[in-house]
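Observations on the three-dimensional arrangement
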Amino acid sequence: MTTDRSAGTTAPAARRVTVPEVRAAKGRAEPLAMLTAYDAPTARLLDEAGVEILLVGDSVGMVVAGLESTLPVTLDEIVYHTRAVCRGRRRALVVADLPFLSYQASVEAAVLNAGRLLKEAGADAVKLEGGEAMVPQIRAIVAAGIPVMGHVGLAPQAVHAQGGYRVQGRDAAAREAILADARAVERAGAFALVVEGVPGSLGAEVTRAVGIPTIGIGAGPHCDGQVLVLHDLIGLVPEGRTPRFVRRYADVGEAIRRAAAEYVADVKAGRFPGPGETYEG
Ligand code: KIV
């Protein structure tokens, strides 16, 4: 009998979703479906479910590591999680987040760090937050042959500058600034754009204003695609801590609690391990 737990974790290759295919999804009737993933088994399940883009988000710091913000997440941590996700996916495009301070300080650092996510981790593309201010970084990363997904509106890495995790673009000036950011990110060469935490009407306006697909999170139904943080969707975030726009599709948290409680009860009562659950000889 084998106890090898690695068997089957590297999924066989399938025809992959490509960056040009995502780029071409602009304006299609059928929106793109993207979710975050941080490990191989989850990536495999999401891929099998038909999720087209897996985002190794720096949200891993909050929903997996229990941090209060994404700011402490390191590039090495994103490399580690991206490798795992790439082992689990067959078909989905893998986009890896550039974490805080891995690209803001200089164009050179941005290119080298984005390169690590492809070269060492196996990602197909990178994502970074910011609009007009990040144009030099986006241009340089794209010029190095690395596809970039932009991210405008609520920017979790700018949590302090934005005064918390607040809906952005509520007044006319802020709306114009977000529209300008979106256009700048497109002009710089991004192939797609996450639009986070804006009124639905602005999500729709940004979507009309750019020629690349918009992928909304808390940005209403009129984007070219939708993304959610997996742990919000499956109930692995404590009650009351999920944003209002999230739809909870499963209560995996309760399933884990129940399974663990049954296990504890069985161990305490001497029911586990039972017959057939022990090595003999
Ligand atoms: O890190 C992340 O999960 C993200 C999504 C919220 C888009 O950037």
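Residues numbered from 1 in each chain as written. Predicted model: local features only at pLDDT ≥ 70, side-chain atom pairs only at ≥ 80, totals over all residues. Heavy atoms only, no water.

**Some remarks on the sheet that holds strand β7 (residues 214-217)**
In a beta sheet, neighbouring strands are held together by backbone hydrogen bonds and run either parallel or antiparallel to one another. The strand order around the closed barrel built from 8 strands is β1-β2-β3-β4-β5-β6-β7-β8, with neighbouring strands paired in parallel fashion. Adjacent strand axes in the sheet meet at a mean angle of 25° when their direction is disregarded. Across the sheet, helix α7 (residues 172-188) touches β5 (148-153) and β6 (192-196), and the angle it forms with β5 is around 175°. (Pairing = 2+ DSSP bridges. Helix = DSSP H or I, 4+ residues; strand = E, 2+ residues; numbered from the N terminus. Axes fitted to C-alpha atoms, helices over the stretch in contact; angles between N-to-C directions. Contact = heavy atoms within 4.5 Å.)

**Brief notes about the pairing of strand β1 (residues 32-36)**
The side chains of a regular strand alternate, residue by residue, between the two faces of the sheet. Taking burial as the measure, the 5 residues of β1 include 4 buried ones, the bulk of the element. Taken together, the 4 bridges between β1 and strand β8 (residues 225-228) define a ladder with parallel strand orientation. Bridged to L35 within β8 is L228. For the crossover from β1 across helix α2 (residues 40-48) to strand β2 (residues 53-56), the handedness is right-handed. (Buried < 20%, exposed > 50% of the residue type's maximum accessible area, 1.4 Å probe, protein only. Right-handed = clockwise from strand over helix to strand, strands pointing away.)

**So, the packing of helix α4 (residues 75-88) against helix α5 (residues 107-119)**
α5 packs onto α4 with a crossing angle of 20° between their chain directions and a minimal axis gap of 9 Å. When the axes of α4 and α5 are compared, the pair comes out roughly parallel. Relative to α5, α4 is oriented so that their crossing is right-handed. Along its contact with α4, which presents L75, D76, I78 and V79, the element α5 presents N113, R116 and L117. Split by residue class, the contact of α4 with α5 holds 4 nonpolar, 1 polar and 2 charged. (Parallel < 35°, antiparallel > 145°, perpendicular 65-115°, else oblique. Left-handed = near helix turned anticlockwise from the far one by under 90°. Nonpolar A, V, L, I, M, F, W, Y, C, P; charged D, E, K, R; others polar.)

**Some details on the pattern of salt bridges**
Applying the stated criterion across every chain, the model contains 11 salt bridges. With a closest N to O distance of 3.4 Å, R44 and E48 form a salt bridge. Remark: E48 and R44 occur in helix α2; sequence separation between them is 4 residues, near one turn of the helix. Relative accessible area serves as the criterion here: at 34%, R44 is assigned to the partly exposed category. By relative accessible area, which is 56% here, E48 ends up exposed. (Salt bridge = Lys/Arg side-chain N within 4 Å of Asp/Glu carboxyl O.)

**A closer look at the site of the ligand**
Taken together, T36, L55, G57, D58, S59, D97, K127, H151, E196, I217 and V229 make up the full set of residues adjacent to the ligand. Within the side chain of S59, an N or O atom sits 2.5 Å from an oxygen atom of the ligand. Protein chains bury 96% of the 260 Å² of accessible surface belonging to the ligand in isolation. Classifying every residue of the shell around the ligand gives 3 nonpolar, 4 polar and 4 charged. (Near = heavy atom within 4 Å. Polar contact = N/O pair within 3.5 Å; in protein donor to acceptor, adjacent residues only side chain to side chain. Areas by Shrake-Rupley, 256 points an atom, 1.4 Å probe, with all protein chains shown as cover.)

**Topic: α4**
Its 14 residues place the ends of α4 20 Å apart at the C-alpha level, agreeing with the 20 Å of an ideal helix rising 1.5 Å per residue. Within α4, burial applies to L75, I78, V79, H81, T82, A84, V85, C86 and G88. (Expected span 1.5 Å × (residues − 1).)

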